[in-house]
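Examining the three-dimensional arrangement
Each chain, letter by letter, is given below.
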Amino acid sequence: MGTAQITSLLVSVLAGSMVIFLRLRASNRPTTLRKIMIPPLGMSTGFMMFLAPHTRIPWSWAGIAFLVGAVFFSVPLIRTTQLEIRDEVVYMKRSKAFLWIIIGMLLVRVLLHDWVERYITVVQSAGVFFILAFGMILVWRMAMLRAFLSLTGDKRAVSGAVNK
């Protein structure tokens with residue numbers, strides 16, 4: 001295993017650990033519209049990597065990666081993310097299954113990454129898996145947004161959450 005592959009693996013494990021930590025912390029703090037929307041917006045800046053020619057991939061690969069993330073990887077996250085109102089504020093419920101789902105998804109990602117890197121360069125596989133992750137995060141957060149809006153029901157409360 002080369003340095004680039006080891007670095008990629010370490011980044012994946014670090015990112016997975018960060019997701020677990022942030023999710024556990026999120027259940028203790030109120031959820032707002034801003035907290036739901038910032039991750040996909042912030043992550044979208046990663047598309048700048050494709051300005052570098054050696055990271056570019058065919059559109060078909062990007063579409064497939066996005067669909068795999070949106071269809072297969074987002075579903076377990078959507079199913080384990082429940083919002084509830086406590087003390088007139090929206091919170092995420094802590095799910096025991098979430099930790100195992102994240103660990104399982106990380107393992108699948110690492111195994112897929114090794115397989116994909118046999119056929120494309122390390123930087124191209126980074127681009128493919130970034131798009132896969134973006135598809136997953138975007139669809140998951142859109143489902144959270146829909147749940148948040150249906151739970152609050154009051155458009156003024158939602159707009160107030162944006163300004164906080």
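Residues numbered from 1 in each chain as written. Predicted model: local features only at pLDDT ≥ 70, side-chain atom pairs only at ≥ 80, totals over all residues. Heavy atoms only, no water.

Here the focus is the pairing of strand β1 (residues 83-86). Where β1 lies against strand β2 (residues 89-92), four bridges are found, and the strand directions are antiparallel. Paired with R86 across the bridge in β2 is V89. Where β1 folds back onto β2 in an antiparallel hairpin, the turn is made up of two residues, including D87, whose phi is positive at roughly 55°. (Pairing = 2+ DSSP bridges. Helix = DSSP H or I, 4+ residues; strand = E, 2+ residues; numbered from the N terminus.)

With that settled, consider the confidence of the model for the protein chain. Residues with a pLDDT of 70 or more make up 90% of the protein chain, whose mean pLDDT is 84. Ranking the elements of the protein chain by mean pLDDT puts helix α6 (residues 155-162) last, at 48, and helix α3 (residues 59-80) first, at 94. In the model, residues 156-164 has pLDDT below 50 throughout and makes 10 contacts with residues more than four positions away in sequence or in other chains. (pLDDT = per-residue confidence, 0-100. Contact = heavy atoms within 4.5 Å.)

Let us look at helix α5 (residues 122-152). Its 31 residues give α5 an end-to-end C-alpha distance of 44 Å, which sits within 8% of 45 Å, the value for a rise of 1.5 Å per residue. Following α5 by one or two positions, G153 adopts a phi angle in the positive range, close to 65°. (Expected span 1.5 Å × (residues − 1).)

For any pair of aromatic rings, the description rests on two quantities: the centre-to-centre distance and the angle between the ring planes. Summed over all chains, the structure comprises six aromatic pairs. Arranged with centres 6.4 Å apart and planes meeting at 25°, the rings of F130 and F134 form a pair that is stacked. Pair noted here: F130 and F134 are both in helix α5, with a separation of four residues, about one helical turn. An aromatic cluster of three or more residues is present, and its members are F47, F50, F66, F130 and F134. (Phe/Tyr/Trp six-rings, centres within 6.5 Å; stacked < 30°, edge-to-face > 60°.)

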